[in-house]
Amino acid sequence: MSQAGDRCLKNLRFENKVAVVTGGCCGVGRGCVDVLVEEGGKVAVLDTNDEVGMSLTSDNLPGEIYFIHCDMNKEGDIQSAIEKVIKKYGHIDCLVNNVGTHPGRNSIDNLTVQGFRDLLDTNLVSYFAASKYALLYLRKTKGCIVNIGSIGSSAAAFGMPSYCASKVGIDSYRFLDKSSKYHYHRNVGYIPIFDIVLSNDVQK
Ligand SMILES: NC(=O)c1ccc[n+]([C@@H]2O[C@H](COP(=O)([O-])OP(=O)(O)OC[C@H]3O[C@@H](n4cnc5c(N)ncnc54)[C@H](O)[C@@H]3O)[C@@H](O)[C@H]2O)c1
């Protein structure tokens with residue numbers, strides 16, 4: 001039986017649901033996209049990697065992929081991407097804030113102030129901006145936000161001060177979870193990634 005046939009026999013956890021995954025072309029984000037599509041979700045992938053994005057396919061899987069070129073460092077791109085998702089699907093059930101870059105081991109001497117600002121834009125400000133523009137729709141569906149964190153927020157690694165600083169900001173979303181129940185939004189999740197060694201397959 002085909003993979004799609006197999007899936008028809010079981011309940012799909014994301015059938016008729018719409019997810020937005022930032023930085024979904026590669027790595028952890030790509031893994032999230034694959035799982036959501038396998039579970040029947042309609043998944044908007046916001047990424048700058050057009051080559052990979054245009055080649056993403058949901059063939060033989062119950063869900064579908066909608067690639068949107070979006071530079072997560074640009075507020076206008078993020079706002080317009082969320083609008084495109086609403087125009088196409090009408091609602092959003094889940095936002096996975098995943099996009100992140102790692103400058104490698106880099107001392108303060110070797111990173112410019114602008115380089116640090118750019119890193120914060122990608123790793124931290126983009127989470128805020130995507131949440132801000134998606135919340136309007138997530139409240140309507142009582143959907144959820146998943147923020148991908150890192151062990152770097154709680155255990156500063158040698159030679160990675162800038163990356164760790166950016167991830168500490170994501171950490172604070174855990175506290176937003178509590179306050180959000182009453183003031184913002186019901187479901188804000190946080191996934192810290194600890195000792196995960198990603199295989200080459202996942203890294204593609
Ligand atoms: N890989 C790990 O071992 C690891 C460990 C802990 C936490 N994390 C976290 O997981 C998340 C994903 O990391 P990864 O290793 O899978 O990254 P990755 O480099 O494999 O993939 C990042 C994706 O984001 C996209 N991207 C980068 N900058 C962008 C921008 N400005 N606009 C739009 N798209 C952009 C890239 O094209 C790529 O598709 C990050 O938040 C990272 O901090 C990763």
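Residues numbered from 1 in each chain as written. Predicted model: local features only at pLDDT ≥ 70, side-chain atom pairs only at ≥ 80, totals over all residues.

Colleague: Hey, could you go over the nonpolar core for me, with residue numbers and the actual values?
Modeller: Among the nonpolar cores identified, the biggest contains 38 residues, and Ala19, Val20, Val43, Val45, Leu95 and Ala134 are the most heavily contacted of them. For this core, the elements supplying multiple residues, two or more each, are β1 (18-22), α2 (27-38), β2 (42-47), β3 (64-69), α4 (75-89), β4 (94-97), α5 (113-141) and β5 (144-148). The leading source of residues in this core is α5, at seven residues. Sequence-distant contacts of alanine 134, defined by excluding residues within four places in its chain, comprise Val20, Ile82, Ile92 and Leu95. (Core = buried A, V, L, I, M, F, W, Y, C linked by C-beta atoms within 7 Å. Buried ≥ 20, exposed ≤ 12 C-beta atoms within 10 Å, placed from the backbone. Helix = DSSP H or I, 4+ residues; strand = E, 2+ residues; numbered from the N terminus. Contact = placed C-beta atoms within 7 Å.)

Colleague: Provide a residue-level description of the site of the ligand, including the pertinent values.
Modeller: Near the ligand you find 24 residues, and of these Gly23, Cys25, Gly27, Met72 and Gly100 are the closest. At three residues, the largest contribution of residues to the shell around the ligand is made by α2. (Near = placed C-beta within 6 Å.)

Colleague: Break down the pairing of β5 for me, citing the residues and quoting the values.
Modeller: Two elements, β4 and β5, share four bridges in a ladder whose sense is parallel. Across the sheet, valine 96 pairs through a bridge with valine 146, a residue of β5. Handedness of the crossover joining β4 and β5 through α5: right-handed. (Pairing = 2+ DSSP bridges. Right-handed = clockwise from strand over helix to strand, strands pointing away.)

Colleague: Please provide a residue-by-residue account of the confidence of the model for the protein chain, values included.
Modeller: For the protein chain, the mean per-residue pLDDT works out to 83, and 78% of the residues sit at or above 70. Below a pLDDT of 50 lies the segment residues 181-186, which in the model reaches eight contacts outside its immediate sequence neighbourhood of four places, other chains included. Low pLDDT (under 50) marks residues 194-204, which in the prediction has eight contacts with non-local residues, meaning those over four places away or in another chain. (pLDDT = per-residue confidence, 0-100.)

Colleague: Now, about helix α6 (residues 161-171): what can you tell me, with residues and values included?
Modeller: Burial in α6 covers these residues: Ser162, Tyr163, Ser166, Lys167 and Ile170. In a view along the axis of α6, the buried residues occupy a sector of 130°, so they form one face of it. (Arc of directions from axis to C-beta.)

Colleague: Account for α2, naming residues and giving values.
Modeller: Spanning twelve residues, α2 covers 17 Å between terminal C-alpha atoms, matching the ideal 16 Å at 1.5 Å per step. Within the sequence span of α2, burial applies to Val28, Gly29, Arg30, Cys32, Val33, Leu36 and Val37. Packed against the buried residues of α2 are β1, β2, β3, β4 and β5. Once α2 finishes, glycine 40 follows within two positions and takes phi at roughly 90°, a positive value. (Expected span 1.5 Å × (residues − 1).)

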